[in-house]
Amino acid sequence: MSDLPPHDSSESDEPEPSEPFGLFDEIVAAETDRDPDLAVIEAGSRTLRTQGAGGQQADVPARPADPELDKALREVEAELATRWGETKLEPSVSRIAALMDVLGEPQRAYPSIHITGTNGKTSTARMIEALLGAFDLRTGRYTSPHVQSITERISLDGAPISAERFIEAYNDIKPYVEMVDGRQEYRLSFFEVLTGMAYAAFADAPVDVAVVEVGMGGSWDATNVIDGDVAVVTPIDLDHTDRLGETHAEIAAEKAGIVKQDATVILAQQPVDAAQVLLKKAVEVDATVAREGLEFGVVARQVAVGGQLVTLRGLGGEYEEIFLPLHGAYQAHNAAVALAAVEAFFGVGSAHTQGLDIDTVRKAFASVTSPGRLEVVRRSPTVVVDAAHNPAGARATAEAVSEVFDFSRLIGVVGASGDKNVRELLEAFEPIFAEVVVTQNSSQRAMDADELAGIAVEVFGEDRVQVEPRLDDALEAAITLAEEEGEYAGGGVLVTGSVITVGEARLLLGRG
């Protein structure tokens, strides 16, 4: 895999207002050789036709303004990009275990909450982090993939680490990484090195608790060198079937690998065969189980301005009138899972029965953000981005869009990865899209726009499909179609299909 191209500071100059995409071709050309998980268009603060919905989100960092710091970060990214990407796997924890050994087992310096599942992991992790922080615990959060900046993956105290700290974390463990590389059949992968960086950074901080999202699966995932006091399993569905199994039960067996001896397991609602596997594993390791719909769950929810108002039943009783500034029923269920996980961490339901302080819980949930998840990034017409990338996620997103937004005509912009079940993803969106503009992002994993169009035509019909291989052209076309409804008619655009597509769209729309 090739290194990143040398950084030329002239490429970061802002284009003239009349040329909002003046450097698009150069950016894409430079980025397509990158590791797919680093392939984000670094397009500065360009806007599309009119000003976006708001300024930069604090939890989605921009490139460093200091040219020397930006150069140093690019050098680290370039070195990471020479390693196996997250889609190339050798299912084993031997290499990461060896790295932890030479680093002095930093992952054992703090308790942890470990999260697996198919959908909802990152949002749930962010909610858990917010709750723990509200109770004055210092947190470390490790999630993947990132929306725009690689530094998003490692957070301390609720915010991504700075570029300086990211570079320091890499340089601190680099000699040990090279030592392990020399002793193993395969070099440590991109994800394994990042995992080592996160665990070492958390120990160095130090944190009171780590919130860790698996990269893929569970048993052989690089994160699984921790023994989570609490293991969380978000809803399991069919995804990565070539690596995890072709049935819910097979996938659950792999994800059950994060359930450790005497842990507490928080189970979101699961398919019956998946639940059976997970419960069997819990019995084998004498873990305590709390199940959504039985021991905890969503009691009530109603749509509110900017999110929803929910009542949750936790392990210690009901928590009423909680404002959650995220849309969709699935986010309410994520909130219930997150609350139960934090209650379990504090011993609610086992050591004591009293619930958590309701005012603190309300404050925590009200502060939650989840970039790229039903996020409004532009107004007039409204443009929403959502990182749904598999059929289950697409169905949840389509349901939420119908509930939250009163679009008279919704245009889809879809750029998907070639290894996903694209047909079922498109079928999930077909009832809510008046038309769809198919495109592709800059990742090497992206499905070719023409290939995607062929599937889209079969799902939507030829008259409802437009092909724009360049993402900037696709956004422009979709906004134009939405504006045909008139300024006050309620047309909108939903950009979806891939985390990378969403990250690139956010940048092009001035959110990065």
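Rules of the game
- Residues numbered from 1 in each chain as written.
- Predicted model: local features only at pLDDT ≥ 70, side-chain atom pairs only at ≥ 80, totals over all residues.
- Heavy atoms only, no water.
- UniProt positions renumbered as here; feature names shortened; annotations may be inferred.
- Pairing = 2+ DSSP bridges.
- Helix = DSSP H or I, 4+ residues; strand = E, 2+ residues; numbered from the N terminus.
- Axes fitted to C-alpha atoms, helices over the stretch in contact; angles between N-to-C directions.
- Salt bridge = Lys/Arg side-chain N within 4 Å of Asp/Glu carboxyl O.
- Buried < 20%, exposed > 50% of the residue type's maximum accessible area, 1.4 Å probe, protein only.
- Parallel < 35°, antiparallel > 145°, perpendicular 65-115°, else oblique.
- Left-handed = near helix turned anticlockwise from the far one by under 90°.
- Contact = heavy atoms within 4.5 Å.

Under an unreviewed UniProt entry, the name given to the protein chain is Dihydrofolate synthase/folylpolyglutamate synthase, and the source organism is Streptomyces sp. R41. Comment text from UniProt for the protein chain, heading Cofactor (unreviewed entry), reads "Mg(2+)". The UniProt entry for the protein chain carries the following comment under Sequence similarities (unreviewed entry): "Belongs to the folylpolyglutamate synthase family."

**Regarding the sheet that holds strand β13 (residues 382–385)**
If you walk across this open sheet you meet the six strands as β12-β13-β17-β14-β15-β16, and the pairing is mixed. At either margin of the open sheet sits one strand with a lone partner, and together these are β12 (375–378) and β16 (465–467). Each neighbouring strand pair of the sheet contributes to a mean axis angle of 25 degrees, computed without reference to strand direction. Bridging between strand β14 (residues 409–414) and strand β15 (residues 435–438) involves four bridges; their strand directions are parallel. What sits directly across from Val413, in β15, is Val437.

**Some thoughts on the pattern of salt bridges**
Taken as a whole and judged by the stated rule, the model has 23 salt bridges. The salt bridge partner of Arg63 is Asp70, with a shortest N-O separation of 2.8 Å. Judged by relative accessible area, which is 25%, Arg63 ranks as partly exposed. Between Arg138 and Asp157 there is a salt bridge whose closest N-O contact spans 2.8 Å. Of this pair, Arg138 sits in the loop between α4 (121–134) and β2 (139–142) while Asp157 sits in the loop between β3 (154–156) and β4 (159–160), and the two are 19 residues apart along the sequence. For Arg138, a relative accessible area of 25% gives the class partly exposed. Via salt bridges that share partners, Arg63, Asp70, Arg74 and Glu77 belong to a single interconnected network.

**Quick look at the packing of helix α3 (residues 94–103) against helix α5 (residues 163–183)**
Look at α3 against α5: their axes get within 9 Å of each other, and the N-to-C directions meet at 130 degrees. Taken as axis vectors, α3 and α5 run oblique relative to one another. Crossing of α3 against α5: the hand is right-handed. Between α3 and α5, the contacting residues are Arg95, Ala98, Leu99, Val102 and Leu103 on the first element and Ile173, Tyr176, Val177, Met179, Val180 and Arg183 on the second.

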